[in-house]
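Structural overview for review
Chain by chain, the residues run as shown.
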Amino acid sequence: MNENDDLEQKLTELLVEGEMEQADRKAKELRQISPKYEIRIQTTLDPIVEETLRYRKIAYELDDRYDKYMKRAGYSGTPDGDGPRKPASPGSEEQ
């Protein structure tokens, strides 16, 4: 046998002979399992609404890209940030 065959034979023996340790095997299996549940936390304040209100106090918005989101979140206010900070009553639409 030449040197390459010897190295290949040794590598084959190392891979086939030894058995994986159970602790390592279990840890590997647990890492590969995808989580079944997703954790969600309900907050009282919406961070997007809070940031939008702060930005509107500082600067004028050229486009009203957040107005639709703000209405869905239940906040009514003017784009310049002078509007009320409390949620609008359900079903009320500004025209």
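Residues numbered from 1 in each chain as written. Predicted model: local features only at pLDDT ≥ 70, side-chain atom pairs only at ≥ 80, totals over all residues. Heavy atoms only, no water.

Quick word on a nonpolar patch on the surface
Taken together, Leu 11, Leu 15 and Val 16 make up a surface patch of nonpolar side chains, about 340 Å² in accessible area. One can find Val 16 in helix H1 (residues 3–17). (Patch = residues over 30% accessible without salt bridge, like charges linked within 9 Å, V, L, I, M, F, W, Y side chains within 5 Å. Areas by Shrake-Rupley, 256 points an atom, 1.4 Å probe, with all protein chains shown as cover. Salt bridge = Lys/Arg side-chain N within 4 Å of Asp/Glu carboxyl O. Helix = DSSP H or I, 4+ residues; strand = E, 2+ residues; numbered from the N terminus.)

As for the environment of Tyr 66
Its place among the elements puts Tyr 66 in the loop between helix H3 (47–58) and helix H4 (67–73). You can call Tyr 66 partly exposed: its relative accessible area is 36%. For the pair Tyr 66 and Val 49, spaced 17 residues apart in sequence, the C-alpha separation works out to 8.8 Å. Discounting residues that sit within four places of it in the chain, Tyr 66 has contacts with Thr 52, Arg 56 and Glu 61. (Buried < 20%, exposed > 50% of the residue type's maximum accessible area, 1.4 Å probe, protein only. Contact = heavy atoms within 4.5 Å.)

Focus on H3
Helix length check: H3, at twelve residues, gives a terminal C-alpha distance of 17 Å against a target of 16 Å (1.5 Å per residue), a fit within 8%. All buried positions along H3 are accounted for by Val 49, Glu 50, Thr 52, Leu 53 and Arg 56. Along the long axis of H3, the arc covered by the buried residues comes to 165 degrees, so they all point the same way. Turned more than 90 degrees off the buried face of H3, the exposed positions are Pro 47, Arg 54, Tyr 55 and Ile 58. Those residues of H3 that are buried are in contact with H4. Here H3 starts with a cap whose side-chain oxygen sits 3.2 Å from the backbone nitrogen of Ile 48, and that cap is Asp 46. (Expected span 1.5 Å × (residues − 1). Arc of directions from axis to C-beta. Polar contact = N/O pair within 3.5 Å; in protein donor to acceptor, adjacent residues only side chain to side chain.)

The values reported here are purely geometric and, on their own, carry no functional implication.
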